[in-house]
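Observations on the three-dimensional arrangement
Chain by chain, the residues:
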Amino acid sequence: MGRPSPLGDEDRSAYAEVVDEVLASAEIQRLLEESGVSGGRLRIRALAAVGRTAPAAAAEYRAYAALRRASHGRRGDGGPAPLSGPGHQERPGAGALAVLGVLTPILAAVAAATFLLLGYGLRLTDSMAALADTLVRVGWVSLAIAAATSLISLVAVYRTAALRSAPGSPPGVNRSADLDRARETWRTALRDKAIRPFLVGELAEAGRAAAPGGPRSTPPAFAGPDFTRPDFTGPGFSGPGHGTPGTGSPQLPDTRR
């Protein structure tokens, strides 16, 4: 029947579900009643025969497995990635740079707000004008740094999103729906081409084994036309008193007077 298709744990669970589905059908239930076979025993035999039955749906399984591998690969690419950039690269210091990229705008904005408040507050009190001017300048520089780093982070986010969506599905194509259809196609082929024929064959064989087998043995007909009694009258045999000359038969004495 061909080389068996390897089935993983998830696929074996699906195989067992299809076996239960076919066993629950009206056709198999009727055959079970006619043959007297236990449904549990038949299920065990069907599960044990996965290596013989599953290859009947090998083409559908290969298509489903290929689509599933592609879907899992895209899911891995689209998962949470390092903040240092797209992809799965892991470079020394990448995590620290990512943290700095996130914290720098926040810290710069907080510093800018603090310096500006202190600087303009000192200007309002007309004291330490030189310090007030310095704080104001530092505050504006910090604000500029916060704006620049925020813009860089925003651009990096959009660039990462664009790179991830580039090799993805064309617009209007639902890969999840395609995967579900491929899985259902495989299950249908598994049910109609593999499991149902196997169960029907097993029940038919059990029915033939339970039926009376072959003609019954009958005792030999000794009175039939093909039977003849032993030939005791053949040449060379004679009963007492009927001897023939030369045979040496004994002569009985004459008792008549």
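The residue numbers shown here count from 1 along each chain, following its written sequence. Under the rules for a predicted model, residues below a pLDDT of 70 receive no local features and side-chain atom pairs below 80 are neither given nor counted, while totals for whole chains, interfaces and linings still include all residues. Computation of side-chain values covers all heavy atoms of the structure but excludes hydrogens and water.

In this section: the nonpolar core. Buried Ala, Val, Leu, Ile, Met, Phe, Trp, Tyr and Cys residues that are joined via side-chain atoms within 4.5 Å together make up what is termed a nonpolar core. Classification of residues uses two cut-offs on accessible area relative to the type maximum, computed with a 1.4 Å probe and protein chains only: under 20% is buried, over 50% is exposed, and between them is partly exposed. With 29 residues, the main nonpolar core has Ile28, Trp186, Leu190, Ile195 and Leu199 as its most contacted residues. Helical segments are the DSSP runs of H or I of at least four residues, strand segments are the runs of E of at least two, and each set is numbered from the N terminus. Mapped by element, the contributors of at least two residues to this core are helix H1 (9-23), helix H2 (26-35), helix H3 (39-48), helix H5 (58-77) and helix H8 (175-210). With 10 residues, H8 is the single largest residue contributor to this core. Apart from residues no more than four positions distant in its own chain, Ile195 is found in contact with Tyr15, Val18, Val19, Val22 and Leu190. Any two residues having at least one pair of non-hydrogen atoms within 4.5 Å are treated as being in contact.

In this section: the packing of aromatic side chains. Put simply, two rings from Phe, Tyr or Trp (the six-membered ring, in Trp's case) pair if the centres are within 6.5 Å, and we call them stacked under 30 degrees between planes, edge-to-face over 60, tilted for the rest. Taken as a whole and judged by the stated rule, the model has two aromatic pairs. Here Tyr64 and Trp186 contribute two aromatic rings whose centre-to-centre distance is 5.7 Å and whose plane-to-plane angle is 10°, an arrangement assigned as stacked. You can see Tyr64 sitting in helix H5 and its partner Trp186 sitting in helix H8, a full 122 residues away along the chain. Like Trp186, Tyr64 is buried. Through pairs of rings, three or more aromatic residues link up here, namely Tyr61, Tyr64 and Trp186.

Moving on, we get to the packing of H1 against H3. Following both chains from N to C, one finds H1 and H3 inclined at 145°, their axes separated by 10 Å at the closest point. Handedness of the H1/H3 crossing: right-handed. Mapping the contact onto sequence places Tyr15, Ala16, Val19, Asp20 and Leu23 in H1 and Gly39, Leu42, Arg43, Ala46 and Leu47 in H3. Split into classes, the residues belonging to the contact of H1 with H3 amount to seven nonpolar, one polar and two charged. To define axes, lines are fitted to C-alpha atoms, for helices over the stretch in contact only, and angles between the resulting N-to-C directions are given on a 0 to 180 degree scale. We call a crossing left-handed when the near helix sits turned anticlockwise from the far one by less than a right angle, and right-handed when that turn is clockwise. Amino acids are sorted into nonpolar (Ala, Val, Leu, Ile, Met, Phe, Trp, Tyr, Cys and Pro), charged (Asp, Glu, Lys and Arg) and polar (every other residue, Gly among them).

Okay, the side chain of Thr149 next. Tracing the backbone shows Thr149 in helix H7 (residues 129-165). For Thr149, a relative accessible area of 17% puts it in the buried group. With near-sequence residues (within four places) excluded, Thr149 lies in contact with Thr104 and Pro105.

It is worth spelling out the side chain of Asp11 at this point. Along the chain, the position of Asp11 falls in helix H1. Taking the relative accessible area as the measure of exposure, Asp11 reaches 3% and is therefore buried. Contacts described as polar in this section are N or O atom pairs within 3.5 Å, which, within protein, must combine one atom able to donate a hydrogen with one able to accept it, while residues neighboring in sequence count only if both atoms come from side chains. Among the polar contacts listed, one links the side chain of Asp11 to the side chain of Arg68, at a separation of 2.9 Å. When residues no more than four places from it in sequence are discounted, the contact partners of Asp11 are Tyr61, Tyr64, Arg68 and Trp186.

A separate point is a nonpolar patch on the surface. Surface patches are defined over residues having more than 30% relative accessible area and no salt bridge, joining like charges when they lie within 9 Å and nonpolar side chains (Val, Leu, Ile, Met, Phe, Trp, Tyr) when within 5 Å. With residues, only the protein chains shown are counted as cover, and all accessible areas are computed by Shrake-Rupley using a 1.4 Å probe. Every case where a carboxyl oxygen of Asp or Glu lies within 4 Å of a side-chain nitrogen of Lys or Arg is listed as a salt bridge. On the surface, a cluster of nonpolar side chains totalling about 520 Å² of accessible area is made up of Val99, Val102, Leu103, Ile106, Leu107 and Val110. Among the structural elements, Val110 can be located in helix H6 (residues 94-125). For Val110, a relative accessible area of 49% corresponds to the partly exposed category.

Right, let's get into the confidence of the model for the chain. Summary of the metric used: pLDDT quantifies the predictor's per-residue confidence within the range 0 to 100. Considering every residue of the chain, the mean pLDDT works out to 74; 65% of them sit at 70 or more. Counting contacts from residues 76-91, a segment whose pLDDT is below 50, to residues more than four positions away or on other chains yields 17 contacts. Here residues 232-250 is modelled with pLDDT under 50, and outside its nearest four sequence neighbours on either side it reaches four contacts, counting other chains as well.

So, on to the environment of Thr149. A C-alpha to C-alpha distance of 7.4 Å links Thr149 and Gly101, two positions 48 residues apart in sequence. A polar atom in the side chain of Thr149 sits 2.8 Å from the backbone oxygen of Ile145.

Before going further, it helps to spend a moment on the pattern of salt bridges. Tallied over the entire structure, the rule returns 11 salt bridges. We note a salt bridge from Arg68 to Asp11, for which the minimum N-O separation is 2.9 Å. Here Arg68, found in helix H5, pairs with Asp11, found in helix H1; they are 57 residues apart in sequence, far enough to count as distant. Using a relative accessible area of 13% as the deciding quantity, one classes Arg68 as buried. A salt bridge links Asp20 to Arg43; the shortest N-O distance between them is 2.5 Å. Taken as a pair, Asp20 in helix H1 and Arg43 in helix H3 lie far apart in primary sequence, 23 residues in all. Through salt bridges with shared partners, a single network forms among Glu21, Arg191 and Asp192.

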